[in-house]
Amino acid sequence: MVQVAVVGGGINGLCCAWQLAQAGYHVALFERNELMQQTSSASSKLLHGGIRYLENFEFRLVHEALNERKWWLDNVPKLTRRLPILYPIYPHTRPRWKMKIGMVMYDFLAGKKGIGRHRWLTPHQVKRCSPQLKQKGLQGAYLFSDGQMDDHQLGLWVADQCTSLGVNIKTGQAVQSVSKDGVLRVNDTTYQFDWVINVAGPWSEALLDQSNIKHDERLDLVRGSHLVLPAISKFGHLLEEQDSARVVFVLPYHGKTLLGTTEVKQTLSDPIAVSPAEKANLLNLYNQYFTKPVNEQDILHQFAGIRPLLAGDGQLNKNSREYKIRQDGQLISVFGGKWTTSRALARAVCQKITP
Ligand SMILES: Cc1cc2nc3c(=O)[nH]c(=O)nc-3n(C[C@H](O)[C@H](O)[C@H](O)COP(=O)(O)OP(=O)(O)OC[C@H]3O[C@@H](n4cnc5c(N)ncnc54)[C@H](O)[C@@H]3O)c2cc1C
């Protein structure tokens, strides 16, 4: 039987292990800590196409992500749900006509996998959905839908699927090096596999470097932080930062409000933690849009994660959310990717090794 090692117990590693086990491979997954403890549990909890990626012309990615959104919603209803989201239009935001184009394209790219078409709400209707959203200057809002999940629990659900298919999940096992001929080094012991899949998320580039494997792929590691605040609405909000036009989510989540995210470049040696500046920026944005101000005392919880983004031209919010798969002999390495597209990424990995 063909033996495959997967390195990384985030959502991408778990989906690769799941897909490979379904295809009949004998799979062992190595995770240096516990499953689903890093980026995959620090997301904005959205199963989404990413309406903002349309501005970067990422049509393939958005289409794929919208298909995947539907799959998760249909197949794991206990841990996912459809979430209505408001995109309010003010004089300082993207104009209504531009957002209309985006909304039409978003519905079009979802096609038959759509979960409800967008519609325009008047200021009065917006107030009913989100009573605390400031009305001054409000022209109305687009209402559209995306998926929402419990990222940690949904990842553990995938782990259960893996276990039931016989995947040998080894936690607390840091892989020291990988090789192009299928050798994996853990705890100073080497193991031979037919294939090794490096899906270590933000650490995938570092794993190649520490294994002395030359590669051209570069990741931009971009921290994203979230604050958890008291509940304000059953609707999600997509709000623009005034200066940068960057969008930030204010979402209902487990009876509270999830506010995020930020984009701050960092290195693997920097702590993965919410900085005072990020906290201040997020609270400031919230207070620009909502009538009841919040401050640090209102923060119930906070968390940060690092996005492993394909390196771009320096404008962090323009970095692609695509994934890239590299093959060196019997070693496959994955760079980038979204939570929502983890199954699609895993299918692409599987196709690489299945003749
Ligand atoms: C702030 C933020 C918000 C986001 N929001 C969304 C969203 O709403 N929707 C969406 O679709 N996507 C979102 N994303 C993107 C998504 O979360 C990530 O693309 C995805 O979780 C990456 O998963 P991963 O498995 O590649 O990485 P990780 O989850 O980081 O997993 C990598 C794993 O590899 C392990 N590892 C590393 N090195 C080794 C080694 N040498 N040996 C063994 N194990 C090792 C690590 O411990 C880790 O568990 C967001 C990301 C961030 C940061």
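It should be emphasised that the depicted structure is a prediction, and the values quoted were computed from it without experimental measurement. (Residues numbered from 1 in each chain as written. Predicted model: local features only at pLDDT ≥ 70, side-chain atom pairs only at ≥ 80, totals over all residues. Heavy atoms only, no water.)

Some remarks on the layout of surface pockets
Size it by volume and the second largest pocket reaches roughly 250 Å³. Lining the second largest pocket are 15 residues, with Ile-51, Leu-54, Glu-55, Lys-98 and Gly-102 positioned closest to its centre. Element by element, the count of residues in the lining of the second largest pocket is highest for helix H3 (residues 96–110), at six residues. When its residues are assigned to classes, the lining of the second largest pocket shows ten nonpolar, one polar and four charged. (1 Å grid on protein atoms, 1.4 Å probe; cavity = no way out; pocket = protein on both sides within 12 Å on 5 of 7 lines; lining within 4 Å. Points joined across faces, edges and corners; volume = space filled by probe spheres on them. Helix = DSSP H or I, 4+ residues; strand = E, 2+ residues; numbered from the N terminus. Nonpolar A, V, L, I, M, F, W, Y, C, P; charged D, E, K, R; others polar.)

Digging into the site of the ligand
Lining the immediate environment of the ligand, one finds 36 residues, of which Glu-31, Ser-40, Leu-46, Gly-337 and Thr-340 sit closest. Here an oxygen atom of the ligand and a side-chain polar atom of Asn-12 are 2.9 Å apart. Considering the ligand on its own, with 1,000 Å² of exposed area, one finds that the protein chains cover 97% of that surface. Of all the elements, strand S17 (residues 301–310) adds the most residues to the shell around the ligand, at three residues. Of the residues in the shell around the ligand, the class split is twelve nonpolar, 19 polar and five charged. (Near = heavy atom within 4 Å. Polar contact = N/O pair within 3.5 Å; in protein donor to acceptor, adjacent residues only side chain to side chain. Areas by Shrake-Rupley, 256 points an atom, 1.4 Å probe, with all protein chains shown as cover.)

Re the domain arrangement of the protein chain
Here the protein chain is described as being made up of domain 1 (3–40 + 152–218 + 321–353), domain 2 (65–146) and domain 3 (219–310). Relative placement of domain 1 and domain 3: their C-alpha centres are 29 Å apart. If you look at the interface, domain 1 gives 17 residues, while domain 3 gives eleven residues. The junction of domain 1 with domain 3 conceals about 1,100 Å² of combined surface from both sides, 66% of it contributed by carbon and sulfur atoms. For domain 1, the biggest contributors to the area lost against domain 3 are Pro-202, Arg-218 and Arg-321; these three give 43% of the whole. At the junction of domain 1 and domain 3, the tally comes to one salt bridge. (Domains from an automatic or database assignment. Contact = heavy atoms within 4.5 Å. Buried area = accessible area lost by both parts, 1.4 Å probe. Salt bridge = Lys/Arg side-chain N within 4 Å of Asp/Glu carboxyl O.)

A few points about the environment of Gly-337
Among the secondary structure elements, Gly-337 is positioned in the loop between strand S19 (331–336) and helix H8 (342–353). The sequence separation of Gly-337 and Glu-64 amounts to 273 residues, and the corresponding C-alpha distance is 12 Å. Aside from chain neighbours lying at most four places away, what touches Gly-337 is Pro-308, Arg-321, Glu-322, Tyr-323 and Leu-345.

A look at the packing of helix H2 (residues 59–75) against H8
Pairs of packed helices are described in terms of their axes, by the angle between the two and the distance that separates them. As a packed pair, H2 and H8 sit with axes 8 Å apart at the nearest point and diverge in direction by 110 degrees. Overall, the two elements H2 and H8 adopt an arrangement that is roughly perpendicular. Where H2 abuts H8, its residues Glu-64, Glu-68, Trp-71 and Trp-72 lie against Ser-342, Arg-343, Ala-344 and Arg-347. (Axes fitted to C-alpha atoms, helices over the stretch in contact; angles between N-to-C directions. Parallel < 35°, antiparallel > 145°, perpendicular 65-115°, else oblique.)

Here we look at the pairing of S17
By the criterion of burial, S17 is predominantly enclosed, with eight of the ten residues buried. Bridge count for strand S12 (residues 219–230) against S17 is ten bridges, and the pairing is antiparallel. Bridge pairing in S17 links Leu-221 to Pro-308. (Buried < 20%, exposed > 50% of the residue type's maximum accessible area, 1.4 Å probe, protein only. Pairing = 2+ DSSP bridges.)

A closer look at the packing of H2 against H3
At their nearest, the axes of H2 and H3 sit 8 Å apart, and the two run at 60 degrees to each other. On the basis of their axis angle, the class for H2 and H3 is oblique. Classified by chirality, the crossing of H3 by H2 is right-handed. Every residue of H3 that contacts H2 at Phe-59, Val-62, His-63, Leu-66 and Arg-69 is listed here: Met-105, Tyr-106, Leu-109 and Ala-110. (Left-handed = near helix turned anticlockwise from the far one by under 90°.)

Some words on helix H1 (residues 11–22)
Over its twelve residues, H1 extends 16 Å from the first C-alpha to the last, a length consistent with the 16 Å expected when each residue adds 1.5 Å. Among all positions in H1, only Ile-11, Asn-12, Gly-13, Leu-14, Cys-15, Cys-16, Ala-17, Trp-18, Gln-19, Leu-20 and Ala-21 are buried. In the stretch just after H1, Gly-24 is the one whose phi turns positive, near 100 degrees. (Expected span 1.5 Å × (residues − 1).)

A short note on the side chain of Lys-279
Along the chain, Lys-279 falls in helix H7 (residues 276–289). Each residue touching Lys-279, except ones within four places of it in the same chain, is listed here: Leu-227, Val-274, Glu-296, Ile-299 and Gln-302.

Considering the sheet that holds strand S9 (residues 183–186)
Pairing within the open sheet is antiparallel, and its three strands lie in the order S8-S9-S10. Every other strand in the sheet has two partners, leaving strand S8 (175–178) and strand S10 (189–192) as the edge strands with one partner each. Shown here is a sheet whose adjacent strand axes are inclined to one another by a mean of 25 degrees, direction ignored. Two strands pair when backbone bridges link them, and S8 and S9 are joined in this way by three bridges, in the antiparallel orientation. What sits directly across from Val-178, in S9, is Leu-184.

Regarding the pairing of strand S18 (residues 323–328)
Judged from the six bridges that link them, S18 and S19 form a sheet pairing that is antiparallel. Its bridge partner being in S19, Gln-327 is matched across the sheet by Ile-332. Where S18 hands over to S19, the hairpin turn is made up of two residues, of which Gly-329 adopts a positive phi near 60 degrees.

Points about the state of the cysteines
Taken as a whole, this structure holds zero disulfides when the rule is applied. There is no disulfide at Cys-16, and the cysteine sulfur nearest it, in Cys-15, is 7.4 Å away. A residue is classified by how much of its surface remains accessible, and Cys-16, at 0% relative accessible area, is buried. (Disulfide = S-S within 2.5 Å.)

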